[in-house]
Amino acid sequence: MLRVLCLLRPWRPLRARGCASDGAAGGSEIQVRALAGPDQGITEILMNRPSARNALGNVFVSELLETLAQLREDRQVRVLLFRSGVKGVFCAGADLKEREQMSEAEVGVFVQRLRGLMNDIVMGLIETTRGLLPGAGGTQRLPRCLGVALAKELIFTGRRLSGTEAHVLGLVNHAVAQNEEGDAAYQRARALAQEILPQAPIAVRLGKVAIDRGTENIPTRDRLEGMAAFREKRTPKFVGK
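Just so it is clear, the model here is predicted, and its values are computed rather than measured.

Caption draft 1: The arrangement of the packing of helix α4 (residues 138-146) against helix α5 (residues 148-157) in detail. Contact pair α4 / α5: the axes reach a minimum separation of 7 Å and the direction vectors enclose 130°. Here α4 lies oblique to α5, going by the angle between them. The handedness of the crossing between α4 and α5 is right-handed. Contacts between α4 and α5 involve Thr139, Leu142, Pro143 and Leu146 from the first element and Val148, Leu150, Ala151, Leu154 and Ile155 from the second. Here the contact of α4 with α5 is composed, by residue class, of eight nonpolar, one polar and no charged.

Caption draft 2: Representation of the packing of aromatic side chains. In total, this model carries zero aromatic pairs according to the counting rule given. Of note, Arg83 hangs over the ring of Tyr186, and the distance from its end group to the ring centre comes to 3.7 Å.

Caption draft 3: Quick peek at the pattern of salt bridges. One pass over the structure, following the stated rule, counts five salt bridges. The partner of Arg33 in a salt bridge is Glu44, and the shortest N-O contact between them spans 3.0 Å. A residue pair is termed long-range when its members are at least 10 positions apart, and Arg33 in strand β3 (residues 30-36) and Glu44 in strand β4 (residues 42-47) qualify at eleven residues. Given the relative accessible area of 9%, Arg33 is considered buried.

Caption draft 4: How the structure looks around helix α1 (residues 58-72). An ideal rise of 1.5 Å per residue puts 21 Å on 15 residues; α1 measures up with 21 Å between its terminal C-alpha atoms. Along α1, the residues classified as buried are Val59, Phe60, Val61, Ser62, Glu63, Leu64, Glu66, Thr67, Leu68 and Leu71. Looking at the buried side of α1, the elements it contacts are β3, β4, β5 (79-84) and α3 (104-115).

Rules of the game
Residues numbered from 1 in each chain as written. Predicted model: local features only at pLDDT ≥ 70, side-chain atom pairs only at ≥ 80, totals over all residues. Heavy atoms only, no water. Axes fitted to C-alpha atoms, helices over the stretch in contact; angles between N-to-C directions. Helix = DSSP H or I, 4+ residues; strand = E, 2+ residues; numbered from the N terminus. Parallel < 35°, antiparallel > 145°, perpendicular 65-115°, else oblique. Left-handed = near helix turned anticlockwise from the far one by under 90°. Contact = heavy atoms within 4.5 Å. Nonpolar A, V, L, I, M, F, W, Y, C, P; charged D, E, K, R; others polar. Phe/Tyr/Trp six-rings, centres within 6.5 Å; stacked < 30°, edge-to-face > 60°. Lys NZ or Arg CZ within 6 Å of the ring centre and 35° of its normal. Salt bridge = Lys/Arg side-chain N within 4 Å of Asp/Glu carboxyl O. Buried < 20%, exposed > 50% of the residue type's maximum accessible area, 1.4 Å probe, protein only. Expected span 1.5 Å × (residues − 1).

Spelled out as structure tokens, the structure:
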């Protein structure tokens, strides 16, 4: 049963220093709202770039990085909930139109910054001369989630998955039927946040760190074979008489 009783505070922007939004009239592309009452400790991040379906553009990423940096220092924030202010879409991935206007060096810097967000947001896309590849670490994260064979199939075919298909594969934790208000996914996400909220904060924090660091260094078969080949190549060979 979902708890729907909570006191809402107004949305507010946490502007990134030195950035001016190119989004819809009136506003920052990233806004935050802290819930109150029984949901105090849950903070929502609203992604609001309707002109580009919340695509990950330079201003969008700058504002989001700045927002996360500020919230990271706020000990009152226990759970972060990402939410889209654009109806029918969460995030369209990388802003390829904006990317076309960047130099190669600018793309490199932008992708590095984007990688810092990929643990919290969907994988982006980078454009190459041969087509589209999962960017910002997508080729590394997907095999860890689904295994090498299935990851290759999805990347090579560029297949789009429905929410139900993603759930069956284990790519997402939950898939819910839409409700009349159009916010079924948000309601499910908030219910999950409410489950996390009463847990011991230090235990949750350290558990997250341990899991993240552990999965960054999982030795895949390809990596082990590559390391073995590298060592063999570098190891001096002595031939006896």
